[in-house]
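One-letter residues, chain by chain:
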Amino acid sequence: MLRQEGVLVFFSGLAPALLMAPAAMVQYTVIDPLRARFPLLVAAMIAGWLSVTIKCPFDRLKTLLQNDPSKQRTATELFAATVRESGITGLWTGYGVTLGRDMPYHLLKWGVYVQAQALFRATLT
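Residues numbered from 1 in each chain as written. Predicted model: local features only at pLDDT ≥ 70, side-chain atom pairs only at ≥ 80, totals over all residues. Heavy atoms only, no water.

K.L.:
I'd like to hear about the packing of aromatic side chains, residue by residue, with values.
P.N.:
Applying the stated criterion across every chain yields a total of 2 aromatic pairs. Geometrically, the ring pair formed by Y28 and W110 is edge-to-face, given 5.2 Å between the ring centres and 65° between the ring planes. A residue pair is termed long-range when its members are at least 10 positions apart, and Y28 in helix 3 (residues 21–37) and W110 in helix 6 (residues 95–124) qualify at 82 residues. On the basis of relative accessible area, Y28 is assigned to the partly exposed category, the value being 46%. Pairing W110 with Y113 gives two aromatic rings, centres 5.2 Å apart and planes at 90°, and the pair type is edge-to-face. Placement of both W110 and Y113 in helix 6 is noted, with a separation of 3 residues, approximately one turn of the helix. Classification of W110 as buried rests on a relative accessible area of 1%. Taken together, Y28, W110 and Y113 form an aromatic cluster joined through their ring pairs. (Phe/Tyr/Trp six-rings, centres within 6.5 Å; stacked < 30°, edge-to-face > 60°. Helix = DSSP H or I, 4+ residues; strand = E, 2+ residues; numbered from the N terminus. Buried < 20%, exposed > 50% of the residue type's maximum accessible area, 1.4 Å probe, protein only.)

K.L.:
So, the nonpolar core: which residues are in play, and what are the values?
P.N.:
One broad rule of soluble globular proteins: the nonpolar side chains tend to lie buried together. Counting 6 residues, the largest nonpolar core is built from I31, L34, A43, A44, A47 and W110. Broken down by secondary-structure element, the contributors of at least two residues to this core are helix 3 and helix 4 (40–67). The residues contacting A47, other than those within four sequence positions of it, are Q27, V30, I31 and L34. (Core = buried A, V, L, I, M, F, W, Y, C linked by side-chain atoms within 4.5 Å. Contact = heavy atoms within 4.5 Å.)

K.L.:
Summarise helix 6; cite the residues concerned and give the values.
P.N.:
The terminal C-alpha atoms of helix 6 lie 42 Å apart, and with 30 residues this matches the ideal 44 Å at 1.5 Å per residue to within 8%. Among all positions of helix 6, only T98, L99, D102, M103, H106, K109, W110 and V114 are buried. Residues of helix 6 that are buried in the fold lie against helix 3 and helix 4. (Expected span 1.5 Å × (residues − 1).)

By themselves, these figures tell us nothing about what the structure is for.
In structure tokens, the structure reads:
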């Protein structure tokens with residue numbers, strides 16, 4: 001890959017990947033208020049669902065950029081082409097698969113986080 005496409009090939013899809021960061025911020029912001037109202041698993045599922053819903057269009061663009069055989073189109077061009085060809089909902093192509101991939105991760109992450117918090121609190125008291 002390096003010889004054929006150059007070093008920049010390793011950074012294709014970086015811009016959309018960076019745009020996914022707000023989805024993580026939203027997840028970390030809402031998890032505590034959700035935990036106050038719901039059991040941990042439900043709160044983690046809601047926070048994870050919200051995160052995936054926000055980041056899915058950017059994940060789609062990242063994947064399209066990385067799989068673009070011409071390597072000439074920008075994220076903006078791919079965004080416009082997707083909306084033109086599939087409508088705005090085309091940006092959420094693969095949403096169900098992404099939920100299926102990410103939801104176990106979110107449940108495990110928040111379960112481990114809560115257990116680690118309890119362990120650290122117990123050792124500090």
